[in-house]
Every structure is written in structure tokens, then in C-alpha cells.
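# Structural characterization, general
As a plain string of letters, each chain reads:
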Amino acid sequence: MAKQKQIFECQACGYQSGKWMGKCPSCNEWDSFVELSKFQTTQKTTSTPSKIIPIDEIEEIEVERFSSGIDEFDRVLGGGIVPGSLVLIGGSPGVGKSTLMLKMASSSNKKILYVAGEESPGQIKLRANRLNSHNPNLYLFPELILENIMSEIKNYELIIIDSIQTIYSEKITSAPGSVSQVREATFELMRIAKELQIPIFIIGHITKEGSIAGPRILEHMVDTVLYFEGDASREIRILRGFKNRFGSTSEIGIFEMTKHGIESAKNKTFFSKKPQIGSAITVIMEGTRPLIIEVQALVAESYANPKRSTTGYELNRLNMILALLEKKLNLPFNQYDVFINITGGIKITEPAGDLAVIAAILSSFRDREISKETIFIGEVSLVGDIRDVPSLDIRLQEAKNLGFKKAITPSKPIENHLKTYVVNEVEKLVDWM
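So, a few notes on the structure that sits alongside this text. (Residues numbered from 1 in each chain as written. Predicted model: local features only at pLDDT ≥ 70, side-chain atom pairs only at ≥ 80, totals over all residues. Heavy atoms only, no water.)

### Details of the pairing of strand S20 (residues 406-409)
Cut-off, in case you're wondering: Two strands pair under a simple rule: DSSP has to find at least two bridges between them. Note on conventions: DSSP H or I runs of at least 4 residues are helices, E runs of at least 2 residues are strands, and numbering of each starts at the N terminus.
Pairing of strand S17 (residues 374-376) with S20, which is carried by three bridges, proceeds in the parallel orientation. Within S20, the residue paired with phenylalanine 376 across the bridge is isoleucine 408.

This is the structure we're talking about:
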């Protein structure tokens, strides 16, 4: 016989306890426990256990995909949409998640159900008109109750849930957006996606800490996690994969927010060809894609404590580089403010841009222009060595395609794409400049 039992659950991580706690022992959040209604039964299950199979006897399954209609989106997904996949699109409010999903819905030839949990059909229609999206196979469903949504899914070929934090099940007493509600909704969507082989895209908001709002368990349950990144004040948006059971997570998609909505920006350049003091060009790798970007530096005399500021570059790495330049070149950066900016809203997450950062700093410090036909590629170590970076030939080929003539690198490439100057120490870079 079932008996009611008090259960308290952390709304940050899903940890459950038989009593209320002020601080969660799992995630250390304060005041995150709420009481749930839960029934404990002693009834035994009668399900038949699954059969154990040797891995050599399991047949390999080929993953079939179909295009979303957006090349950049397909690239991040691993080549296209997989039937039966559950894909989470995360991003901060206003970055363009709903716009991206509506763009995909308008580009696809599938019969699509757009579950609108946050906006009215009229608001979505206004956005569709701005995107010039008139897909007769797109259907809007303003619904929040999970059970009603589940009853309609089987009639469509692709589902979009906007957003998962607004959907709730009537079987659970907690509020929409709670761990219990998000977990129940995601589990049911995952089950029906696999059962009917229908791809489902769910939108999730990001908290101020940078994680998907609600639980981390949401990321563990889905097949693919994509983050849509970008500054609301800039046009560039980057779609980055953090988990993908059907492909690589090393690829990115580049988009541009225009007055007509969101567009692919794979051919957009992130640098200026005009020679400027304090500007240097480098090539970074985002997955298998080389990106040529511009590093800008401003070195100005300080009248108090010297300031260090970066946009798109790690501040700790800048401090390390400045300390290295002070030690190796005897430059008095302790008396100067130093500011670094990566143009276009791009973030450098690999050390291959170190050499360009040093070149830009020295250019600003010496008030001397650098030729815009030259690129700088190399990682700088703490001992002052300039070291090799992976995929050097791919980077140089991309630079050649965009009209660059010279490259400053720590070693000679295998193929002679550009006129290459080998610089393997910081002191030699100064001599070359």
C-alpha cells in the first residue's frame, strides 16, 4: 500500500532529501530546496530484463541525416539533423535562439510543429515576416501542458519546443522551470523522439553563471547540446557544439544578425586591410575551420596603477605576456596601460594568437605600423620561445586565399603557401619588426 512521504528537492541540481536543508550538499546552493509530493510503494516490477549481447555480435548502425536548410547549422550538427535526436539549444536571453529556430523551420521542407511557450502566435508571425519566412508546412502551437503537446507530436516530422522552462506536466505539483518539471518534460520528449524517430529541438535559457537554466541533468539527457553565443550589441553570433552523440563537437557555425533576421556569415571577414598602429593579424582554428582575425592593442602611459583589459582574449594570458616582455626585452610595461581587443566579437581560446598579441603590443608601444600583408602565428612560452601550433598548413592556405603575402611562424611549413619568416624567440621578433 502506498504511503505519502515528504521529499525535498534542490532546484539547482536535483538533489533530494527527506528533510529541508538550507544549503544543498551537492551543489552548495542556498535556499534551493522545495517540497515535492512523492509516493513510495513497495510494489515489485514485473518487467523482463534486457538480453546481454557481446559487442562483436551487434550490427553497426549507419546514421542517416537530412539537411536543416542552413549550411552553418548542419556543420555544427555533424552534417545534418538525425531522426530521433533530441537537441538542446542554449543561450542567454535575446541572443537569437528563437530566431535561429524559426529560420531553420522556414528553410526546412519537413512538416514542423513550433510549440510556443513564451510568445504568442502573433509575435512569432511578426518575426517570421521580418525573416521573410512563409513556410506552409510550419504550424504554431501555443501550449504549455506537456500531455497536450505529447498528443500532437506524432502528426509532425520535426518539433521545436520554445522553451523547455515553460513546459509543465499536470502530474507534478512543482512550478514550471523546476528540476522536476524540466526533468519530466525532457524525459518524455526523449522517449517519444526515439520511439517515433522524430527530431526534437528544445530551447533552454542560460543563467548568469553560464549554464543551462534549471538543471545540469538536462544536458546529460539530450543527444546534442549547442550553445548560441554572442554579444547583444554586436552582429556576430557563434553556434558552438558542447556535446554531440552523432558527430564532432569541434565545429562552429558563424551567423550574423541583420535587420532581416539571422543569416549565415561563413564568408564574413574579421579584419581590416588598412594598415594601422597597434593592429596585427593571426589565424585561429575553430574545429576544422581556420578564421583570420585582427588583434588590436593600445599601450598608453599610465598615471596611476597600470590597467590591463581584454575583450575576446584571456586576461591572465595577457599578464603573462607582459611579464615576459618586461623580463626579456626590458620594456617598462609596469608604467603603461595595456588594452587588447579581438575584433568581430570573436574569442581566442587557443594560444596560436600569442605572437599576434605581442606584435600588436609592440606596434602600439613603438608607434609603428605593421604591414597588413603579414600574419603572425605562434604560441609563446614562459621562457620566451615561440612554439609550433597544430594545422599550420591549413592556416597558411587560408591566409593565402585571402590575399596575404608573408607569415611569421616558429617553423617552416610543409607546403610553401606564403613567404615565411621563421621566428622562434621573442627577441628575434623585435629584430624583425
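### Topic: the packing of aromatic side chains
Applicable threshold: Any two rings among Phe, Tyr and Trp, with Trp reduced to its six-membered ring, count as a pair given centres within 6.5 Å; such a pair is stacked if its planes are under 30 degrees apart, edge-to-face if over 60, and tilted if neither. Geometrically, a charge over a ring is one whose NZ (Lys) or CZ (Arg) sits within 6 Å of the ring centre while staying within 35 degrees of the ring normal.
The final tally for this structure, using the stated rule, is eight aromatic pairs. Relative to phenylalanine 201, the ring of phenylalanine 73 lies with its centre 5.9 Å away and its plane at 40°, an arrangement referred to as tilted. Note that phenylalanine 73 is positioned in helix H1 (residues 71-77) and phenylalanine 201 in strand S8 (residues 200-205), a separation of 128 residues in sequence. For lysine 111, the ring lying beneath its charged end belongs to tyrosine 139, and the centroid distance is 5.6 Å.

### Digging into the pattern of salt bridges
In plain terms, the rule: Think of a salt bridge as a Lys or Arg side-chain nitrogen and an Asp or Glu carboxyl oxygen that are within 4 Å of each other. Classification of residues uses two cut-offs on accessible area relative to the type maximum, computed with a 1.4 Å probe and protein chains only: under 20% is buried, over 50% is exposed, and between them is partly exposed.
Under the definition given, this model contains 15 salt bridges. The residue arginine 289 makes a salt bridge to glutamate 72 at a minimum N-O spacing of 2.9 Å. Taken together, the residues span a long stretch of sequence, with arginine 289 in strand S14 (residues 289-301) and glutamate 72 in helix H1 at a distance of 217 residues. Residue glutamate 72 is classed as buried on the basis of its relative accessible area of 3%. A salt bridge links arginine 387 to aspartate 385; its shortest N-O distance comes to 3.8 Å. By relative accessible area, arginine 387 is classed as partly exposed at 43%. A relative accessible area of 29% means that aspartate 385 is categorised as partly exposed.

### With respect to the nonpolar core
Heads up, the rule is: Within this scheme, the nonpolar core is defined by two criteria: the residues are buried Ala, Val, Leu, Ile, Met, Phe, Trp, Tyr or Cys, and they are joined through side-chain atoms within 4.5 Å. Two residues form a contact once any of their heavy atoms are found within 4.5 Å.
Within the largest apolar cluster, 45 residues are counted, with the highest numbers of intra-cluster contacts made by Ile340, Ile361 and Phe376. Mapped by element, the contributors of at least two residues to this core are strand S10 (236-244), strand S11 (252-258), strand S13 (279-286), S14, helix H7 (315-329), strand S16 (336-342), helix H8 (354-366) and helix H10 (426-432). No other element matches the eight residues that H8 contributes to this core. Setting aside chain neighbours within four positions, we find isoleucine 340 in contact with Val295, Gln296, Ala297, Ser309, Thr310, Thr311, Tyr313, Leu318, Val357 and Ile361.

### Concerning helix H9 (residues 392-401)
Definition in use: As used here, the arc belongs to the directions running from the helix axis to the C-beta atoms.
Buried within H9 we find Leu392, Arg395, Leu396 and Ala399. The buried residues of H9 occupy an angular sector of 95° when the element is viewed end-on, so they sit on one face. In the core, the buried residues of H9 are packed alongside S13, S14, S17 and S20. Following H9 by one or two positions, glycine 403 adopts a phi angle in the positive range, close to 95°.

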